[in-house]
Amino acid sequence: MTEGEKNRQGVICDMCTNERLDEMGNILDFLEQTEERFRYKTAVEDEKLSLTYHELGVMARRIGSAVSRRVEPGNPVPVLMEKSPITLAVMLGIVYAGCFYVPVNPENPPERQKKILEVLEPSIVITDGGRVDAEDTKTMSGPDRVRNSDVRVEVLTAEDLLSEDADPDRLEQIRIHSRETDILYALFTSGSTGVPKAVMVSHGAVIRFIGHFTELFNISEKDVIGNQAPFDFDVSVKDIYSCIMTGASLALIPKEYFSTPPRLLDYLCEKKVTTLIWAVSALTLVSALKGLDYRIPTSVDKVLFSGEAMPPKQLRAWQKALPGASFVNLYGPTEITCNCTYYKVERTFGDEEKIPAGRAFPGRNVFLLDDEERMIVIPGKTGEICVAGESLSNGYYRDADRTEERFPLYPVDGTHMERIYKTGDLGYYNENGEMIFAGRKDFQIKHMGHRIELEEIESAMNGADGIDKSCCVFDKERNRIFGFYMGGAEPSRVRREMKEKLPPYMIPAKLKKVTAMPLNKNGKTDRAYFKRLIREKR
């Protein structure tokens, strides 16, 4: 067997078992073991507050007892809070109550937040109190934001829950009935119908994935993980549960630090951060703005990146600054629990080269299907990336049709049918048998580290006054979204209305009014025409 065939076999199927992981079906078992081993060690901190593992556990159990008095196990509890040590205690408290947490960014526009709450139909929402800006209702957070959403729900603050007593007996009874298939969390991703969809991930899926993740990349209690991602972005799942399962410390980096690289690098050095599990956009922001010329975080020995293609030029800047660090390219959508492939970077790449997505994580089958759903094994031929094996998500909350569509049955080994996830991403094998990401199959894109359905942006545009029809396209080379529309509205007004409905990273960089929407041979909007148009105007 050639080296390329061996690597392809590793991508297609790389199975392993871990007895310790199989014995435990609830992430709280790991939290309590870690609390027992590292009682007074820092579990999580930011620039304002630090909690030991014991303090985190005590808070979580108190919050869990309070939540359990209001919500039956198995139900979603939205957490409308900025990331902080208290937010993590709230999330784990929801898990103690036998429920699953749903992080919701407080900066979401009211309309998107309303859609999220309509999907979940929760009985309570947990917030931090107050407003970001009392003079501007668009920037409200906490109770005011929820009450203005017109969704009937009890609003509680973390302080409300922490004021109640813990009930160990109540929590024990809930735990007795827990299973590894119970949902741990749900994260919302963009939906093509204009309605966001909630990806449900179980305890067992996280336990198995993080078990492999920490072992492969040598994450231990000695590490300090510098958290970049907000808690509603699945990159943060690796930060949080790598710490909980190993005893590492979690240093939460304030989001505003990423706009001032010197402040960010000072923070990394101050906290002695060893591990960066960041979106590509965050790493490239630091290197592109020459932050590494100001100060090098010499304690960092592991840099793992994901979310979009890493520009080799920016990767080389990090490799030069941290020659002793290990670098890993990670690939995978939220629906398969964070990542399904990895590539350990052991050389420098030229500007025209593509950094491989690599091979499958243990316990995963990652393979390519052609348009006739036949498995591809030869190098250079492009197909849709599909995933089977452990750690697939449970599907989309209250959306059985979408779940069945994206998680069909397929005979991966050629005989028996098993559940797979069709990513909608395209890929191919290089001559070494390594998977190479080759873009999106449909109109879903990766932009600023987020997975976005262009149709959701179009839905928001179409809802604006004076818009008859719209089309959005993505210029991959310039990493920009362009919006075209028919109607009498002026671009400035359309942009203002879209900001009421969508987060900033989904707003097109440029909006242009057109007199007609060209159609392709199938009678659909000719997106290729608009892509040619923006290429010609570069």
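You'll find the structure just up there.
A quick note: this is a predicted structure, and the numbers were derived from the prediction, not measured.

Caption draft 1: Local environment of the packing of helix H3 (residues 27–37) against helix H5 (residues 85–96). The contact between H3 and H5 brings their axes to 10 Å, and the two run at 120 degrees. Classified by the angle between their axes, H3 and H5 sit oblique to one another. When the axes of H3 and H5 are compared, the crossing they make is left-handed. Where H3 abuts H5, its residues Ile 27, Leu 28, Leu 31 and Glu 32 lie against Leu 92, Val 95 and Tyr 96. Its residues assigned to classes, the contact of H3 with H5 shows six nonpolar, no polar and one charged.

Caption draft 2: Layout of the sheet that holds strand E27 (residues 510–513). The strand order across the open sheet formed by three strands is E25-E26-E27, and the pairing between neighbours is mixed. If you trace the sheet from one side to the other, it starts and ends with strand E25 (467–475) and E27, each paired once. Neighbouring strand axes in the sheet, compared pairwise and without regard to direction, differ in orientation by 20 degrees on average. Sheet topology note: the E25/strand E26 (residues 480–487) ladder contains eight bridges and is antiparallel. Note on E26: the bridge partner recorded for Lys 469 is Met 486.

Caption draft 3: Looking closely at the sheet that holds strand E12 (residues 302–306). Strands sit in the order E2-E1-E10-E9-E11-E12-E13-E14-E15 across an open sheet of nine strands; the sheet is mixed. Unpaired on one side and paired on the other, strand E2 (50–52) and strand E15 (359–360) mark the two borders of the sheet. Here two bridges tie strand E9 (residues 224–227) to strand E11 (residues 275–279), and the two strands are oriented parallel to one another. Paired with Gly 226 across the bridge in E11 is Leu 276.

Calculation notes
- Residues numbered from 1 in each chain as written.
- Predicted model: local features only at pLDDT ≥ 70, side-chain atom pairs only at ≥ 80, totals over all residues.
- Heavy atoms only, no water.
- Axes fitted to C-alpha atoms, helices over the stretch in contact; angles between N-to-C directions.
- Helix = DSSP H or I, 4+ residues; strand = E, 2+ residues; numbered from the N terminus.
- Parallel < 35°, antiparallel > 145°, perpendicular 65-115°, else oblique.
- Left-handed = near helix turned anticlockwise from the far one by under 90°.
- Contact = heavy atoms within 4.5 Å.
- Nonpolar A, V, L, I, M, F, W, Y, C, P; charged D, E, K, R; others polar.
- Pairing = 2+ DSSP bridges.

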